[in-house]
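What the coordinates show
The residues making up each chain are set out below.
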Amino acid sequence: MATDTARKIGPVILLGPPGAGKGTQSKKIVEHYGIPQISTGDLLRDNVALGTSLGLQAKSIMARGELVPDELMYGIVGVRLRNLDCKRGFVLDGFPRTSAQAEWLENFLRIEVFDKSDKCPPIVIQLVVDYNQLLVRLTGRRTCLACGRVYNLHLNPPLVSESCDDDGSKFYIREDDREEVISSRFNAYEQQTRQVVNHYRDQHQLVAINADRPVETVTAHIFSVIDRHCVHGC
Ligand code: AP5
């Protein structure tokens, strides 16, 4: 049950390479502030599973660890952000990932989403994690087939091997968590998303935090950034 649901928040933009903890920390923000998580990776995986036209176009690109073309992303992100549940704020997990996406988002936020009289500037948080640690996190990630709970065989293992503590269901391994695909995802991050990080840093909008600490420590740091921003920014 969310505990902080009265005020407008964000939007919160979580940036960081694959495995930095964007999904993990987004869920903590959702639980605490009661705003939705907009994960472009999840939206795309849903489309792949449903076999939509977007899913068919994205499937092989994602399996190679490359980025889906910007024009395809604007459609799904735009539809999702116009949803009423985003009016109080939202956390973006995995978007923007290119300079063009960042520009598109800035225009979108200027024109839409929040009431014109009551806009909150984005809170941009970069999760910084060492690459060796990212590799451990991605190769150890396991997700419950039934409830979606995320584990890590090395860092946060289940009580009983290869099954969910909550419902006993089996795990699945994300197709793009194979080592050869991971290196291509890191490459896409360095070639395309690093520019987005630099852009927000140049605009003095970026807060970089050390995400190479226990989940709860990182969460507490993120909450303090959001709370400080929403006193001064919103
Ligand atoms: P997406 O699903 O966004 O994947 P990603 O960015 O590669 O990030 P991950 O989900 O792998 O990692 P995460 O940072 O969320 O870490 P997590 O919390 O899960 O994108 C997938 C693909 O979709 C892309 O490659 C691209 O093809 C496409 N795509 C998506 N968005 C796009 C866009 N905007 N434009 C174009 N294409 C797009 O944690 C990972 C593991 O670490 C877990 O096991 C977790 O338990 C563990 N962990 C987390 N935090 C900690 C901690 N503090 N300590 C110890 N373990 C931890």
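Attention in this report is confined to the structure presented alongside it. Not measured: the values here are computed from a predicted model.

Okay, the overall build of the protein next. Secondary structure assignment for the protein yields eight helices and eight strands. For the protein, the C-alpha radius of gyration of 17 Å lies close to 17 Å, the compact-globule estimate for 234 residues. Sorting the 234 residues of the protein into buried and exposed places 47% on the buried side. In the protein, 71% of the contacts between residues at least 6 apart in sequence involve partners at least 24 apart. When the accessible surface of the protein is split by element, carbon and sulfur atoms take 54% of a total near 11600 Å². Charge-centre separation for the protein: the mean point of 28 positive side chains lies 2 Å from the mean point of 29 negative side chains.

Now for the sheet that holds strand β1 (residues 12-15). An order of β2-β3-β1-β4-β8 is seen for the five strands of this open sheet, with the pairing classed as parallel. Only two strands of the sheet have a single neighbouring strand rather than two, namely β2 (37-39) and β8 (206-210). On average, adjacent strands in this sheet sit at an angle of 25 degrees to one another, irrespective of strand direction. Bridge analysis of β1 against strand β3 (residues 91-93) gives three bridges, and the strand direction is parallel. Bridge pairing links Ile13 to Leu92 in β3. Relative to β2, helix α2 (residues 40-50) is tilted by about 60 degrees, and along the sheet it contacts β2 and β3.

Now for the side chain of Asn152. On the secondary structure map, Asn152 appears in strand β6 (residues 150-152). For Asn152, a relative accessible area of 8% gives the class buried. A polar atom in the side chain of Asn152 sits 3.2 Å from the backbone nitrogen of Leu155. Dropping the residues within four chain positions of it, Asn152 is found in contact with Val136, Arg137, Gly140, Arg141 and Pro157.

What follows concerns the nonpolar core. Formed by 30 residues in total, the largest nonpolar core has its most connected members in Leu15, Leu44, Leu81, Leu92, Phe95, Leu105 and Tyr200. Secondary-structure elements contributing two or more residues to this core are β1, α2, α3 (53-63), α4 (70-81), α5 (99-111) and α7 (179-202). Listed in part, the 24 residues of the second largest apolar core include Ile9, Ile123, Ile182 and Phe186.

Further remarks concern the sheet that holds β6. The three strands lie next to each other as β6-β5-β7, forming an open sheet whose pairing is antiparallel. Lying at the two open borders of the sheet, with one neighbouring strand each, are β6 and β7 (171-172). Summarising the sheet, strand β5 (residues 141-144) and β7 pair through two bridges and their orientation is antiparallel. Counterpart to Cys144 in the pairing with β7 is Phe171. With respect to the sheet, helix α6 (residues 131-140) is in contact with β5 and β6, its orientation differing from that of β5 by roughly 35 degrees.

Bringing α4 into the picture now. Two residues of an α-helix separated by three or four positions point the same way, owing to the 3.6 residues in each turn. Given a rise of 1.5 Å per residue, twelve residues ought to cover 16 Å, and the 16 Å separating the end C-alpha atoms of α4 matches this to within 8%. When we look at burial in α4, the residues that qualify are Asp70, Met73, Tyr74, Ile76, Val77, Gly78, Arg80 and Leu81. Elements that come into contact with the buried residues of α4 comprise β2, α2, α3, β3 and α5.

A word on the packing of α2 against α3. Their axes nearest at 8 Å, the elements α2 and α3 cross at an angle of 115 degrees. Between α2 and α3, the interaxial angle falls into the category roughly perpendicular. For the element pair α2 and α3, the recorded crossing hand is left-handed. Touching Gly41, Leu44, Arg45, Asn47 and Val48 of α2 are Leu54, Gly55, Ala58, Lys59 and Met62, all from α3. Of the residues assigned to the contact of α2 with α3, the class counts are five nonpolar, three polar and two charged.

This part takes up the side chain of Gln37. With respect to the element layout, Gln37 can be found in strand β2. At 3.5 Å, the side chain of Gln37 forms a polar contact with the side chain of Lys27. There is a polar contact of 2.9 Å between the side chain of Gln37 and the side chain of Asp93.

What counts and what doesn't
Residues numbered from 1 in each chain as written. Predicted model: local features only at pLDDT ≥ 70, side-chain atom pairs only at ≥ 80, totals over all residues. Heavy atoms only, no water. Helix = DSSP H or I, 4+ residues; strand = E, 2+ residues; numbered from the N terminus. Rg over C-alpha atoms; globule rule 2.2 N^0.38 Å. Buried < 20%, exposed > 50% of the residue type's maximum accessible area, 1.4 Å probe, protein only. Contact = heavy atoms within 4.5 Å. Areas by Shrake-Rupley, 256 points an atom, 1.4 Å probe, with all protein chains shown as cover. Lys, Arg positive; Asp, Glu negative; His and termini not counted. Charge placed at Lys NZ, Arg CZ, Asp CG, Glu CD. Pairing = 2+ DSSP bridges. Axes fitted to C-alpha atoms, helices over the stretch in contact; angles between N-to-C directions. Polar contact = N/O pair within 3.5 Å; in protein donor to acceptor, adjacent residues only side chain to side chain. Core = buried A, V, L, I, M, F, W, Y, C linked by side-chain atoms within 4.5 Å. Expected span 1.5 Å × (residues − 1). Parallel < 35°, antiparallel > 145°, perpendicular 65-115°, else oblique. Left-handed = near helix turned anticlockwise from the far one by under 90°. Nonpolar A, V, L, I, M, F, W, Y, C, P; charged D, E, K, R; others polar.

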